[in-house]
Amino acid sequence: MKRFGALLALNDLSFQLRRSEILGIAGPNGAGKSTLLNVCGGSLAPTSGEIILEGERVDGLSPYQMCHRGLGRTFQIPQVFASMSVGENIAVGRMFGGGEADATDIVRFLIDACGLAGRRDERAGKVSLMTRKMIMLAAVLATRPKLVFLDEPLAGLNKDEIQVFMDLISRLRDEMDLTFVVVEHKVRALSLLSDRLMVIHFGRRICLDTPEVVVKDSQVVDVYLGTEFDA
Ligand SMILES: Nc1ncnc2c1ncn2[C@@H]1O[C@H](COP(=O)(O)OP(=O)(O)OP(=O)(O)O)[C@@H](O)[C@H]1O
Ligand SMILES: [Mg+2]
């Protein structure tokens, strides 16, 4: 549970994450999605409840400690070190994760996988939103996480960019054996990407199942998707 004063932002919400899955999380504005990532990622302490990672309690750990336990995350508002180059941004991620100075292979792999080859020396503050998102993703992956949280990674991208980004997440899951938790309002894209989908509303989990089941769930349709969504 997470309480902000009188507001119960997360209320009796529990779920179990499976190794190597892509879990999508959707729900109306203010439902508690970002709060859930913040609480699970160590940015906010839960008011009550437990967070268990590989059999150990991790609630109360700092984001830095969570990073060393294998958690990486991106934020709803894209953030890069604007005055640094693309390559330097990714190298910062590697250092934050305690990576060795000679870990150039992983950096090269990420630069290629994220479509940043040839752009290593460009200033990160001058690139497009899509490229900024790729830099953030590559920087997070350079910390060598096992588990990655993405908060609205597709926001602001066009249809083609969304496809490229989704293909990349699937590929990275397969090739790096990662587990992803993806918060996203674009439910159609999210249901194609995710193995399971969780919908939350007023801080409560209202449905957690395969995307096919979730998008037809009557409560999900009532509170979130409405009638215009036909999957
Ligand atoms: N630090 C905070 N202090 C007080 N209230 C907060 C804080 N962070 C979030 N809230 C409140 O908690 C509720 C959940 O917010 P949260 O940002 O988790 O929603 P969300 O599902 O991510 O929404 P969105 O889709 O708009 O990003 C909202 O009512 C919000 O105003
Ligand atoms: Mg949010």
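For every chain, the first residue of the written sequence is number 1, and numbering continues from 1 onward in sequence order. Labels are handed out in written order, letters beginning with A for the chains and numbers beginning with 1 for the ligands. Since the coordinates come from a predicted model, pLDDT governs what is reported: local features require at least 70, and pairs of side-chain atoms require 80 or more to be given and counted, while whole-chain, interface and lining totals use all residues. Calculation of side-chain values draws on the structure's entire complement of heavy atoms; hydrogens and water are dropped beforehand.

1. Let's talk about the packing of helix α5 (residues 129–141) against helix α6 (residues 159–176)
Alright, step 1. For helices, the axis comes from a line fit to the C-alpha atoms of the stretch in contact; other axes are also lines fit to C-alpha atoms, and the angle between any two N-to-C directions lies between 0 and 180 degrees. Numbering of helices and strands starts at the N terminus; helices are DSSP runs of H or I of at least 4 residues and strands are runs of E of at least 2. The N-to-C vectors of α5 and α6 enclose an angle of 10°; their axes lie 11 Å apart at closest approach. Taken together, the axes of α5 and α6 are roughly parallel relative to one another. Only Glu-161, Val-164, Phe-165, Leu-168, Ile-169, Leu-172 and Met-176 of α6 make contact with α5, whose side of the interface consists of Met-130, Lys-133, Met-134, Leu-137 and Leu-141.
Alright, step 2. For the contact of α5 with α6, the class distribution of residues is 10 nonpolar, no polar and 2 charged. An angle counts as roughly parallel when it lies under 35 degrees, as roughly antiparallel when it exceeds 145, as roughly perpendicular when it falls between 65 and 115, and as oblique in every other case. Contacts: residue pairs with any heavy atoms within 4.5 Å of one another. Think of it as three bins: nonpolar holds Ala, Val, Leu, Ile, Met, Phe, Trp, Tyr, Cys and Pro, charged holds Asp, Glu, Lys and Arg, and polar takes everything else, Gly as well.

2. Comments concerning the environment of Ala-31
Alright, step 1. Take Ala-31: it is sitting in the loop between β3 (22–26) and α1 (33–41).
Alright, step 2. Separated by 58 residues in sequence, Ala-31 and Asn-89 have C-alpha atoms that sit 32 Å apart.
Alright, step 3. If we skip the residues at most four places from it in the chain, Ala-31 touches Ala-9, Ile-200, His-201, Phe-202 and Gly-203.

3. Quick notes on the domain arrangement of the chain
Alright, step 1. For every domain, the bounds stem from an assignment made automatically or drawn from a database. If you check the domain split of the chain, you get domain 1 (1–70 + 145–231) and domain 2 (80–144).
Alright, step 2. Of note, the centres of domain 1 and domain 2, computed from C-alpha atoms alone, are 24 Å apart.
Alright, step 3. Both sides of the domain 1 and domain 2 interface together cover about 1,500 Å² of buried area, and 78% of this is carbon and sulfur.
Alright, step 4. In the sections that follow, a salt bridge refers to a side-chain nitrogen of Lys or Arg positioned within 4 Å of a carboxyl oxygen of Asp or Glu. Here domain 1 and domain 2 share 0 salt bridges between them.
Alright, step 5. Under this definition, polar contacts are N or O atom pairs within 3.5 Å; protein pairs additionally need one hydrogen-donor-capable and one acceptor-capable atom, and for neighbouring residues in sequence, both atoms have to be side-chain atoms. The tally of links between domain 1 and domain 2 comes to 2 residue pairs in polar contact (both at pLDDT 80 or more). Defined in terms of a 1.4 Å probe, buried area is the accessible area two parts forfeit on being brought together, summed over both.

4. Structural notes on the site of ligand 1
Alright, step 1. It suffices for a single heavy atom of a residue to lie within 4 Å of a molecule or strand for the residue to be listed as near it. Taken together, 14 residues surround ligand 1, and among them Asn-29, Gly-30, Lys-33, Thr-35 and His-185 come closest.
Alright, step 2. One of the backbone nitrogen or oxygen atoms of Gly-30 is found 2.8 Å away from an oxygen atom of ligand 1.
Alright, step 3. Contact between ligand 1 and Lys-33: an oxygen atom at 2.7 Å from a side-chain N or O atom of the residue.
Alright, step 4. Look at ligand 1: alone it shows 640 Å² of surface, and the protein chains cover 61% of it.
Alright, step 5. Looking at the shell around ligand 1, the elements with two or more residues in it are β2 (7–10) and α1.
Alright, step 6. In terms of residue count, the dominant contributor to the shell around ligand 1 is α1 (3 residues). Where accessible areas are quoted, they stem from the Shrake-Rupley method and a 1.4 Å probe; at the residue level, only the protein chains shown are allowed to cover.

5. Considering the sheet that holds strand β9 (residues 196–201)
Alright, step 1. Strands were regarded as paired on the criterion that DSSP finds at least two bridges between them. Taken together, the 6 strands give an open sheet; going across it, the order is β6-β7-β8-β3-β9-β10, and neighbouring strands pair in mixed fashion. Two strands close off the open sheet at either side, each with one partner strand: β6 (71–74) and β10 (204–209). With strand direction ignored, the average angle separating the axes of adjacent strands in the sheet is 15°.
Alright, step 2. With 5 bridges connecting them, β9 and β10 associate as antiparallel partners. Counterpart to Ile-200 in the pairing with β10 is Arg-205.
Alright, step 3. Across the sheet, α1 is in contact with β3, β6, β7 (147–151), β8 (179–183) and β9; its angle to β7 comes to roughly 150°.
Alright, step 4. Contacts from helix α9 (residues 218–225) reach β3, β9 and β10 within the one sheet, and its direction differs from that of β10 by about 125°.

6. Remarks on the pairing of β9
Alright, step 1. Counting buried residues in β9 gives 5 out of 6 residues, a clear majority hidden from the surface.
Alright, step 2. The pairing of β3 with β9 spans 4 bridges and is classified as parallel. Each residue of the ladder has a partner; that of Leu-23, found in β9, is Arg-196.
Alright, step 3. Joining the antiparallel neighbours β9 and β10 is a turn of 2 residues, in which Phe-202 adopts a positive phi near 50°. Relative accessibility under 20% of the residue-type maximum defines a buried residue, over 50% an exposed one, and the middle range a partly exposed one, all with a 1.4 Å probe and only protein chains included.

7. Some remarks on α1
Alright, step 1. Within α1, 8 of the 9 residues are buried, leaving the element largely enclosed by the surrounding structure.
Alright, step 2. Residues of α1 that are buried: Lys-33, Thr-35, Leu-36, Leu-37, Asn-38, Val-39, Cys-40 and Gly-41.

8. Concerning the pairing of β2
Alright, step 1. Pairing of strand β1 (residues 2–4) with β2, which is carried by 3 bridges, proceeds in the antiparallel orientation. Within β2, the position partnered with Arg-3 by the bridge is Leu-8.

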